[in-house]
Amino acid sequence: MAAPPPPWTGRIRRWLARLRPPSPLRLRRAAQIALAVAALPWLLLAVVAALTPLPPELRAAEDRAVSTVLLDRHGTVLRELRAGDGARARWLPLAEAGDRIQRALLAAEDRRFARHPGVDPIAIARAIGQLAAERRVVSGASTITQQLARALVPRPRTVRGKLGEMALALRIEASLSKREILEQYLNRVAFGPGLRGVEAASRFYFDKPTADLSLAEAAALASMPRGPALYDPRRGTGPLERRRNRVLDRMLAAGLAGEAEVARARAEPIALAPKGGGLGAPHLVRAVLGGALGDGAGAAPLRGRASAITLTIDRGLQREIEVLAQQTVRGLSDRDVGAAAVVVLENATGEILAYVGSHDIDDVAGLGHNDGVLALRQPGSALKPFVYELAMERLGFTAATVLPDVELSFPTADGSYVPRNYDGRFHGPVRLRDALASSYNVPAVWTAAALGPDRVLARLRELGLSSLDGEPSRYGVAIALGDGEVRLLDLANAYATLARGGIYLPVRAVRAVRAVAEAPHAPHAPPERDAPLAPAPAPSAPPERGARVLDAAHARVITDILADDKARLASFGEGSALDLPFPVAAKTGTSKGFRDNLAVGFTPDVTVAVWVGNFDGSPMGGISGITGAGPLFRDAMLAAARVRPPRPFDAPDPDLLAEVEVCSLSGMTPTAACSHRRRELVPRGDAAALSPCDMHEIVRVDRRNGLRAGACPDAAVEERVFERHDAELTAWARAAGRPIAPDEVSPLCGALPGRDGAAQAGARVRVAYPPDGARFVLDPSVNSLQAIRLRADVPAGVRRARFVLDGRPIEVGPPFALDWPLVAGAHRLRVEADGASAGEEIAFSVE
């Protein structure tokens, strides 16, 4: 009987049995289990991804927090206003990025970007292997899509955070195309401290569009998302250069660049653009974003929706005038001048070419943060041209009309107002041309009184001076001298309206606005490619014709006066700041107490307005508009002429205007007694209506004593030319030694009845004030007496005259004026005088 096998043989058989191949069924079951174990995490990740909402930033194209870039009219970058998170950011469509940055980014961050679903298993396996081998994290295995997910929804760097990032990446991949994902990545990932998006980084570091980057520059920018602060080249280019070269090597290995191309890029140094300087028209930028200029450019609608705003200013002119303003303030510091402001307008369009709100926005002591272009200041005499133009329209004045420049008193609610000239003298009868060009105050106030403050205010408001919003009684006749506050910008536009022949156009500071959702173009792109956010005429198109505010013929006459260097000689002398090497129509203004100096003027193409003073309202050291604002006006106008070459004013339209000969004293048609004559520009309709001169008379006098000859024999008589003045001018004429005809007849000869008496036969009297058709309004809020001064023009020799008011005679003597309390109703007035023809009756009303 055989011996039983040893016990260990059974164990061997069982061990050998286990070495036999499993059955096919068992193999399939094991494979299924292994596959399920491997796929479960991915299935769970897919479920989580399906439940993960797509970030709102990817759902709405307009939900892009970007910087607002402000450009000048030529596309030069003036300033970049950072996005709400404080970062510089510009949205760049992928089609405009160029291929170099795309190739560099794929090599640096995700070579299999086109082949994975948002998460790269190969990269994950490689990262795990490197972690096991090196005992440290060598790579994070994050794809471009994962980095985008991290930028949109920051998460903690934990396993749970990583899984959430992967789930969001899968969700993004399921919703966006690869091109859309790459565009979002390029614009939302940090490419440097405070720099979001590759375009902002390209502009900041290299001052060029992304599409213009060299391969070396593209590789450098592609290196930065890995460590924006670590690779910041402004802290040193060494780390960035080493990282850039590794990216170039990876491009070569991946077939994304050739050997020669990579070799050139490795040899290229990292050359950063100079750091940008200046804020770029800071006062204008603030005004535009604040909606202070009426462009529809409020801060709320633009700052969130605009990626680029093309302003109307010319950066070169802007910078030059900024320097000129600084030099002016420094040069006048010993005269207590602490600030200056300048604005330049293009007449044809109303566009702002330069806008300097103060000499230095950082001057704390001088309150430089204030904006002198928008600040309310008294314009002084700068309003006179519009008063005289209105008198031409309403009262029939011409440039030759004689106005009184003598001591006059005007009743006000607080008493009498007696205007004075800047030079402290009176000049007697002055033609309107000389009164305006030499800026005499008394004739301007007299003209405002003849018009009525209500009419003057209405016209100034039509010109856009809306800050003059008080009642007429608040300003009174002193409105002609700038007794009110206006913005320099509005005053400049009023003069630009004059330059346009009376056509009003609103001021424009914004040419075009590019919305965030639009595809932005490079800053040097032509403005017409921009899509305006609000309706605005194309820069090259003529402006829409505005409302006519001023009569064309009268506006041209005022322009001719303001451009007449000879007419202002009496006040400003030769070689003043207003004398330029090309035709300029200009006017200065000085407020009460020397608190504001202004100079405003225009060529056919541009208008320049200058203010000099102190933002705290303190007075300057006795300088006027011609010595304070004048020199800066001259320099600014010369600078503007380099941008808009000057040309002469168009010749007067012969259908509207005629040049006629007038008597130099009276401004009327000369007679044989007028020895001095001149040419004057008047509306064609007024030329034929000019009356013969009545301020010269030929009188027979006794040569022995100079008295009227009466019945003297011819041998003792000679004829002399004398001046004849209205009653309000006679006293001045006598005091000034003007040749006034004697009243008395020579005692050596008898009187000649009917020829030499107290008044010449045929001499006329007339109502000097109020004008025919005048309307006065009683102010119920005023408790004091409300009155006007009735005045008569009476020829020499008259001793007594009568105002006949509503049929009731009131006797008056020299100076033939009467303060009359206002009574509501319609009234009629005429003047009578013994020995003189009665004047025409006029009508006026009181409401």
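You'll find the structure just up there.
Calculation criteria
Residues numbered from 1 in each chain as written. Predicted model: local features only at pLDDT ≥ 70, side-chain atom pairs only at ≥ 80, totals over all residues. Heavy atoms only, no water. Core = buried A, V, L, I, M, F, W, Y, C linked by side-chain atoms within 4.5 Å. Buried < 20%, exposed > 50% of the residue type's maximum accessible area, 1.4 Å probe, protein only. Helix = DSSP H or I, 4+ residues; strand = E, 2+ residues; numbered from the N terminus. Disulfide = S-S within 2.5 Å. Axes fitted to C-alpha atoms, helices over the stretch in contact; angles between N-to-C directions. Parallel < 35°, antiparallel > 145°, perpendicular 65-115°, else oblique. Contact = heavy atoms within 4.5 Å. Pairing = 2+ DSSP bridges. Phe/Tyr/Trp six-rings, centres within 6.5 Å; stacked < 30°, edge-to-face > 60°. Lys NZ or Arg CZ within 6 Å of the ring centre and 35° of its normal.

Another point: the nonpolar core. One finds Leu284, Leu293, Val343, Ile352 and Phe844 to be the most contacted residues of the largest nonpolar core, which totals 118 residues. For this core, the element with the highest residue contribution is helix H21 (residues 488-499), accounting for eight residues. Formed by 48 residues, the second largest nonpolar core is a distinct cluster that contains Ile144, Leu152, Ala218 and Ala219.

A few words now on the state of the cysteines. As enumerated under the stated definition, the model contains one disulfide in all. There is a disulfide in this structure between cysteine 712 and cysteine 749, and the S-S distance comes to 1.6 Å. Between cysteine 712 and cysteine 749 the sulfur-sulfur dihedral comes to about 105 degrees; the bridge is accordingly right-handed. With cysteine 712 in the loop between strand S21 (696-702) and strand S22 (717-723) and cysteine 749 in the loop between helix H26 (727-735) and strand S23 (766-769), the pair connects residues that are 37 residues apart, well separated along the chain.

Running from N to C, helix H4 (residues 99-109) and helix H8 (residues 178-188) point in directions that differ by 90 degrees, and their axes come no closer than 12 Å. Here H8 runs roughly perpendicular to H4, going by the angle between their axes. Along its contact with H4, which presents Ile101, Gln102, Leu105 and Glu109, the element H8 presents Leu182, Tyr185 and Leu186.

The element strand S26 (residues 801-805) is largely enclosed, with a buried count of five among its five residues. Bridge analysis of S26 against strand S27 (residues 808-812) gives five bridges, and the strand direction is antiparallel. From the neighbouring strand, valine 804 faces S27, where its bridge partner is proline 809. Between S26 and S27, which pair antiparallel in sequence order, lie two residues; one of them, aspartate 806, sits at a positive phi of approximately 55 degrees. As paired elements, S26 and strand S29 (residues 825-833) share five bridges and run antiparallel to each other. Within S29, the residue paired with leucine 805 across the bridge is leucine 829.

The next subject is the sheet that holds strand S3 (residues 88-89). Read across the open sheet, the three strands follow the order S3-S5-S4; overall the sheet is mixed. The open sheet is flanked by S3 and strand S4 (190-192), the only strands paired with a single partner. Note: S3 against strand S5 (residues 195-196), two bridges, orientation parallel. Bridging from a neighbouring strand, arginine 88 pairs with leucine 195 of S5.

Bridging between S29 and strand S30 (residues 842-846) involves five bridges; their strand directions are antiparallel. Its bridge partner being in S30, glycine 825 is matched across the sheet by valine 846.

Once that is clear, we can look at unusual backbone geometry. Non-glycine residue aspartate 207 carries a positive phi angle of around 55 degrees. Positive phi is not limited to glycine here, since serine 439 has a value of about 60 degrees. For serine 439, the position within the fold is in the loop between helix H17 (432-437) and helix H18 (441-451). Serine 439 sits in the buried class, given a relative accessible area of 12%.

Further remarks concern the sheet that holds S27. Taken in spatial order, the five strands of this open sheet run S24-S30-S29-S26-S27, and their pairing is mixed. Across the chains shown, the open sheet's two edge strands, defined by having one partner strand only, are strand S24 (774-776) and S27. Across the sheet, the axes of successive neighbouring strands diverge by a mean angle of 25 degrees, strand direction being ignored.

Under the definition given, this model contains six aromatic pairs. With a centroid separation of 5.2 Å and 80 degrees between ring planes, the pair formed by phenylalanine 386 and tyrosine 495 is classed as edge-to-face. One end of the pair, phenylalanine 386, is in helix H16 (residues 384-395); the other, tyrosine 495, is in helix H21, and 109 residues separate them in sequence. The exposure classification of phenylalanine 386 matches that of tyrosine 495, with both residues buried. When the ring centre of phenylalanine 113 is taken as origin, the NZ or CZ atom of lysine 178, which lies over that ring, is 4.5 Å away.

On their own, these measurements won't tell you what the molecule is for.
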